[in-house]
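Here is what each chain is made of, one letter per residue.
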Amino acid sequence: MPEPGTTAVVIVLPDAAPLLDAAWRIEPSLVRRGVPAHVSLLYPFVPESALTGQDEDGVRSLAASFPAADLVLEEVVTASGFAAVTVPELQPIVDAFHARWPGVRPYGGRFGARPSAHVTVAMGADDPAVATRVRAAIGSLLPLRTRAAAVQLVVLTEEGWQSRFTAPLGVPARP
């Protein structure tokens, strides 16, 4: 589990919340409550104590360089207790964030150098019967339409994840 002061750069996809709700109804422990459906662009990001204005400006600038996008979520992927829905249309922005901060290893390197853009739906579904039910429940909700409209820099606090700021996609920051 991450420590307070851990940061992440994400795109929240509120319309994908029913995917997490479906997994939660099967087994509540599989879903981190309080963490909305999202695609991680960089997790973990720069620790809050080391975060600079240059980092924040970089997040805003990269967000401004990509347009908002209408998405269709269609494919469930599973692996050893993990269930997610792929979001290939957001891979270019994920790759751009990785390129901008090459010293930040996505997920601490657990999923390779270039993890695929995805919405994590469930973690810890080690029981094959539960995993099968989760996959079926998620699949029954697809295709699902949503919109990627903004990037958020979030920080883990003692009270949970909180937004530090939101940067709209495709909208240049005001001077």
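If you're wondering where the values come from, they're calculated on a predicted model, not measured in any experiment.

What counts and what doesn't
Residues numbered from 1 in each chain as written. Predicted model: local features only at pLDDT ≥ 70, side-chain atom pairs only at ≥ 80, totals over all residues. Heavy atoms only, no water. Helix = DSSP H or I, 4+ residues; strand = E, 2+ residues; numbered from the N terminus. Buried < 20%, exposed > 50% of the residue type's maximum accessible area, 1.4 Å probe, protein only. Contact = heavy atoms within 4.5 Å. Arc of directions from axis to C-beta. Pairing = 2+ DSSP bridges.

> Outline the overall build of the chain, listing residues and values.
The secondary structure content of the chain amounts to four helices and nine strands. Start at the N end of the chain and walk to the C end: the helices and strands fall as β-α-β-α-β-β-β-α-β-α-β-β-β. For the C-alpha atoms alone, the extent of the chain along its principal axes is close to 50 × 35 × 30 Å. Within the span of the chain, comprising 175 residues, buried residues form 45% of the whole. A separation of at least 24 residues holds for 79% of the contacts in the chain among residues at least 6 apart in sequence.

> Tell me about helix H1 (residues 17–26), residues and numbers included.
Turning to H1, its buried residues are Leu19, Leu20, Ala22, Ala23 and Ile26. Projected onto a plane normal to the axis of H1, the buried residues spread over an arc of 155 degrees and lie on a single side. Residues of H1 that are buried sit in contact with strand S3 (69–73), strand S5 (82–86), strand S6 (118–123), helix H4 (128–139) and strand S7 (144–148).

> Before we move on, can you summarise the environment of Ala68 with the specific residues and values?
Within the secondary structure, Ala68 is located in the loop between helix H2 (53–64) and S3. For the pair Ala68 and Ala150, spaced 82 residues apart in sequence, the C-alpha separation works out to 7.2 Å. Setting aside chain neighbours within four positions, we find Ala68 in contact with Arg147, Ala148, Ala149 and Leu169.

> Just give me the short version of the pairing of strand S9 (residues 160–168), but keep the residues and values in it.
Summarising the sheet, strand S8 (residues 150–157) and S9 pair through eight bridges and their orientation is antiparallel. When the bridges of S9 are listed, Leu156 appears paired with Trp161. Counted along the chain from S8 to the antiparallel partner S9, the turn is two residues long.

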